[in-house]
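Fold and contact review
So the chains spell out like this:
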Amino acid sequence: MTEDGVPILEARNLVKHFHIGGMLSRQVVRAVQDVSLSLYRGHVTALVGESGSGKSTIARMLVRLYQPTEGEILYKGENVLKSRGRQAMLRYRSRVQMIFQDPFSSLNPVHTVEHQLKRPLLIHRRTRSKKEMEERLQELLFTVACTPQYDFLSKYPHQLSGGQRQRVAIARALAVEPEIILADEPISMLDVSIRMGILNLMELLRDEKDISFLYVTHDLASARYFADRILVMYAGHMVEAAPSEELTQNPQHPYTQLLLSSVPDPARGLRTRSEIKAKGEVPNLSAVTVGCPFAPRCPFVMPKCQESMPPAIALSGDRWVRCYLHEEGTAI
Amino acid sequence: MIKMQLKPYSVDVHTPILAVKDLEVEYRTGRGAVRAVDGVTFDIWPNEIFGLAGESGSGKSTIAHTITRLLRPPGYIVGGSIQFMDIDLMEMDSETLRDFRWRHISIVSQSAMNALNPVLTIGTQIIDAIQAHEPANKEQARARALDLLQLVGIDKERINSYCHQLSGGMRQRAVIAIALALNPELIILDEPTTALDVVVQRQIMEEIQALQRQFGFSILYITHDLSLLVEFAHRIAIMYAGEIVEIAPSDRIFLSPKHPYTYRLMNSFPAISGPRQELQSIPGSPPNLISPPSGCRFHPRCEVAIAGTCQKVEPVFRKVERDHYAACHLLEQGRSS
């Protein structure tokens, strides 16, 4: 973890419920249930899970696109959910930026790259003169390796390749010099041959600008490659947290084990098939559940798993797991 | 084990199920003709899982549509031949084609799970597919539909479900059941699990593999996910910009790729096990096929291109070792990439 050990952004006991089916409907989707996490300077944290696990909802709460139903978000120790209004929001967003999955829709198709990059600089009043603005645009495009810059400034999104578009989206996030970037599946829409270029660029930004990343993904292999620490989500709950190598090489939660054994692995081939078999599918998030959400599918299920949600149990090596199989450890 | 009907054609293990030769397909657009498939040749053998890998726009799905003769304008077959056993698919008239398709070659595409009819139960849709091709009565067809659902891992009671009552994985399984309904010799799977989560993807892939072993049909598996193919396919063809650049057994593709593109592609996605390696993406991006690069189409992105040769002369697709073919000038000069 970091030297000083103080998180720059911290989420405590976040809960998000979505009401669906119109005003009179009582149906509630419990997208995120009691999730806590910390982001540190110059540190990449991956949030991994299948679709519907709540990982994108967490990122959207952290950037304040969604208002949490319960819980706190602390920026350097201060609860940001208490501060409202345009000025407070602007201040917060100049610290916390987001990159979206689809660069085809996150860039406005009717504006040039120049316009897209100028917007955050103008809104956040980052430049004082025309000359400074021009220099800043050049610098941003250079940072994301979109060179020659003059060539890119006048282009429209449809004239760029997918990888270039994602680079422009990253440049736009960088415009306000954020401390934290929340990247929601930033490479999953891109061609395989250019994905690593985007991950390597983000790695460079972490190293050179000391930016803290939350990398939201369904792809455990890329999380292992890019992240320092991996958090695993299942059905709205965070079930395991560990440093990347430990999590991917020695998973402790049965769900993490299932997820890992499902990842295609050419080195493994078909000589060994998935070691863990789980039946069924991800549960319905509208139902009120007690106990561990993975219990109905878990091959190691015990009676108490169906009665209450296991606490986060600390294991050695800066990791924890929410599973009764590890109860001899100490609850945190 | 569930009984399936006898095969209508007797399969000869010494001749390919499908032989594609010098296939050329064009899309005629307002800005000129795009040669999406340019001189593609490959065979698929009985009992084989043949993988076709490539990035988006490499022409892999166009091949699937061409083989099933589902290609529609502005797409046109410009040259080459497609043989299914001893039948020339190019010559087939639409009447024969309608009977032939699904009975002998079926296709499951990425969006197939969204192509199920929302107002019919999945049972009805399977029964319809059977009755459209075979003189089975309702009871026989229904019994067969139940068997098929069980084969793909769907509960029998689900036969009366509508597709909105099923999850994505279940819907894709239902589509696979329909693809298996007439016991075809060849099933084309075009990115069948791309829209699904990894856990469901693995369950479905393992089921497909078990079914393939049980019934011995051949599979043409099309995907951009090379790591998945290396695990599941017997042989793999790598496509780049409308051409096949390498064909080899999957372990050869993984352990000793011969074409620089294959090599770079194998090194452009991180592994979940083994040592953590520093990875690089391939510089540049796939070319625009309206005006493809001269010579070897990969040369603008290739770090080992031979100056003066690769940009002028198109490399010949040649045998490098047993069952291993590649098109690269480096191999002709006896150097290995």
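Keep in mind it's a predicted model, so treat the numbers as computed, not measured.

Turning our eyes to something else, we now look at the sheet that holds strand β2 (residues 32–44) of chain B. Residues and elements named next belong to chain B. With antiparallel pairing, the four strands of this open sheet are ordered in space as β2-β1-β4-β5. Because the sheet does not close on itself, it has two edges, and the strands there are β2 and β5 (87–88). When strand β4 (residues 75–84) meets β5, the two strands line up antiparallel, connected through two bridges. Across the sheet, the residue bridging to Gln83 is Asp88, located in β5.

Before going further, it helps to spend a moment on the environment of Gln125(B). Residue and element names in this part refer to chain B. Position of Gln125 relative to the elements: it lies in helix α3 (residues 122–133). Spatially, the C-alpha atom of Gln125 lies 14 Å from that of Leu166, the residues being 41 residues apart in sequence. Those residues in contact with Gln125 that lie beyond four places of it in its chain are Leu116, Asn117, Leu120 and Ile178. From its side chain, Gln125 meets the backbone oxygen of Asn117 in a polar contact 3.0 Å long. Within the structure, the side chain of Gln125 is placed 3.1 Å from the backbone oxygen of Leu120, a separation counted as a polar contact.

Once that is clear, we can look at the interface of chain B and chain A. Contacts between chain B and chain A engage 42 residues on the former and 41 residues on the latter. Approximately 3500 Å² of surface area, both sides summed, lies buried where chain B meets chain A, with 51% of it carried by carbon and sulfur atoms. When the area that chain B buries against chain A is broken down by residue, the three leading residues are Glu231(B), Ile272(B) and Arg276(B), summing to 21%. For the pair chain B and chain A, the interface holds one salt bridge. A salt bridge links Glu203(A) to Arg276(B); the shortest N-O distance between them is 3.6 Å. Those elements giving two or more residues to the side of chain B that touches chain A turn out to be α5 (168–180), α6 (198–215) and α7 (226–232) of chain B. Here the element with the most residues in the side of chain B that touches chain A is α6(B); it accounts for eight residues.

Time to look at the nonpolar core. Leu18(B), Phe42(B), Ile67(B) and Phe84(B) are the most contacted members of the largest nonpolar core, which has 103 residues in total. Filtering out sequence-adjacent residues up to four positions away, Leu18(B) remains in contact with Phe42(B), Asp43(B), Ile44(B), Ile67(B), Ile82(B), Gln83(B), Phe84(B) and Leu186(B).

All names here are of chain B. Two elements in contact, α3 and helix α4 (residues 138–151), have axes whose closest approach is 9 Å; the angle formed by their N-to-C orientations is 120°. As α3 packs across α4, the resulting crossing turns out to be right-handed. Residues Ile122, Ile126, Ile127, Ile130 and Gln131 of α3 touch α4, and the partners they reach there are Lys138, Ala141, Arg142, Arg144, Ala145, Leu148 and Leu149. For the contact of α3 with α4, a count of residues per class yields eight nonpolar, one polar and three charged.

Rules and cut-offs
Residues numbered from 1 in each chain as written. Chains lettered and ligands numbered in written order. Predicted model: local features only at pLDDT ≥ 70, side-chain atom pairs only at ≥ 80, totals over all residues. Heavy atoms only, no water. Pairing = 2+ DSSP bridges. Helix = DSSP H or I, 4+ residues; strand = E, 2+ residues; numbered from the N terminus. Contact = heavy atoms within 4.5 Å. Polar contact = N/O pair within 3.5 Å; in protein donor to acceptor, adjacent residues only side chain to side chain. Buried area = accessible area lost by both parts, 1.4 Å probe. Salt bridge = Lys/Arg side-chain N within 4 Å of Asp/Glu carboxyl O. Core = buried A, V, L, I, M, F, W, Y, C linked by side-chain atoms within 4.5 Å. Buried < 20%, exposed > 50% of the residue type's maximum accessible area, 1.4 Å probe, protein only. Axes fitted to C-alpha atoms, helices over the stretch in contact; angles between N-to-C directions. Left-handed = near helix turned anticlockwise from the far one by under 90°. Nonpolar A, V, L, I, M, F, W, Y, C, P; charged D, E, K, R; others polar.

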